[in-house]
Amino acid sequence: PAATKVCCNFPETLKHLPENKAVLTGSPIRQELFSGKKEEGLRLCGFDDSKPVLLVMGGSLGATAVNKAVRDALPELLKDWQIIHLCGKGKMDDSLKDTKGYVQFEYIKEELRDLMAAADIMISRAGANAICEILALRKPNILIPLSAQASRGDQILNAASFEKQGYSIVIQEEELTNEKLLNAVNTAFEEKDRFIKAMQRSQLNNSIEKIVELINVSAKNKKK
């Protein structure tokens, strides 16, 4: 009630907020993500440009199902892809360490911008910050939201919104199979231009500029 404006990420949120206060801005994105270098990402992984790159981000929580699905599908995926797998602390698979075309990290810091720059397609959970970064970088993506049993259900709603807007392919965790994962990866790549164009049209772009402008306008009005 005390707010002059309320910024939000998803069109679906607008109807739950006062009409004269709600503004669809998207999330402020870490600007360093835009300075990534594809060549540096490939070098870091020992990859070349002979195959496209799939970046898998399981997230720090609930990565087990995503990790298992990707590793189960690895023999098929590696026929056409080079894979970067951010699998979470303590979730490396030592038996796959020397697998050609597959690199795994527990987590990554400054180099994330280069790995994202190297990625052609991404697989991710559907936390709001993660998917807004994927959107800002225009990466065709497959979202596997945390199930309602393992969360409050927010990721399911986030993923549904992005799917509706044409930014993402969504697979529910309970429906995740090798076949569905492989089909989704192929579709995301074959139709990547469609996803990129949808993301370019998004109202969630330039969020920092929008938010700063709202602050400036509100501050000027307050002084009057």
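Model, not experiment: these values are computed from the prediction. (Residues numbered from 1 in each chain as written. Predicted model: local features only at pLDDT ≥ 70, side-chain atom pairs only at ≥ 80, totals over all residues. Heavy atoms only, no water.)

Q: Can you help me understand the pattern of salt bridges in this one?
A: As a working rule, side chains carrying opposite charge can pair if their charged atoms are close by. Within this structure, the stated rule accounts for eight salt bridges. Close ionic contact of Arg-30 with Glu-133 constitutes a salt bridge, the shortest N to O distance being 2.9 Å. With a gap of 103 residues between them, Arg-30 in the loop between β2 (22-24) and α1 (38-45) and Glu-133 in helix α5 (residues 128-136) connect regions that are remote in the sequence. Note on Arg-30: relative accessible area 39%, which makes it partly exposed. When the shortest N-O distance is used, the salt bridge between Glu-76 and Lys-79 registers 2.9 Å. (Salt bridge = Lys/Arg side-chain N within 4 Å of Asp/Glu carboxyl O. Helix = DSSP H or I, 4+ residues; strand = E, 2+ residues; numbered from the N terminus. Buried < 20%, exposed > 50% of the residue type's maximum accessible area, 1.4 Å probe, protein only.)

Q: Hey, could you run me through the nonpolar core in this one?
A: The nonpolar side chains of a soluble globular protein tend to be buried with one another. Core analysis: the largest hydrophobic core is formed by 40 residues, its most contacted members being Leu-54, Leu-77, Ile-83, Ile-123, Ile-142, Phe-162 and Leu-181. Sorting elements by how many residues they give to this core places helix α7 (residues 178-190) first, with five residues. Not counting chain neighbours up to four residues away, the residues in contact with Ile-83 comprise Phe-47, Leu-54, Val-56, Leu-74, Leu-77, Leu-78, Gly-101, Tyr-102 and Val-103. Counting residues in each nonpolar core, the second largest holds 23 residues, with Ile-84, Leu-86, Ile-134 and Ala-136 among its members. (Core = buried A, V, L, I, M, F, W, Y, C linked by side-chain atoms within 4.5 Å. Contact = heavy atoms within 4.5 Å.)

Q: What should I look at first to understand helix α2 (residues 64-72) in this one?
A: Taken together, the buried positions of α2 are occupied by Val-66, Asn-67, Ala-69, Val-70 and Arg-71. Where the residues of α2 are buried, they touch β3 (53-57), α3 (74-77), β4 (82-86), β5 (102-105), β6 (121-124) and α7.

Q: For this particular structure, what's the right way to read the sheet that holds strand β8 (residues 168-170)?
A: Strand pairing in a sheet relies on backbone hydrogen bonds. The paired strands run either parallel or antiparallel. The six strands lie next to each other as β5-β4-β3-β6-β7-β8, forming an open sheet whose pairing is parallel. Of all strands in the sheet, those bounded by a partner on one side alone are β5 and β8. On average, adjacent strands in this sheet sit at an angle of 15° to one another, irrespective of strand direction. Note that strand β7 (residues 141-143) and β8 share three bridges and pair parallel. The partner of Leu-143 across the bridge, within β8, is Val-170. Contacting β7 and β8, helix α6 (residues 154-164) crosses the sheet at an angle of about 130° to β8. (Pairing = 2+ DSSP bridges. Axes fitted to C-alpha atoms, helices over the stretch in contact; angles between N-to-C directions.)

Geometry only, nothing functional implied.
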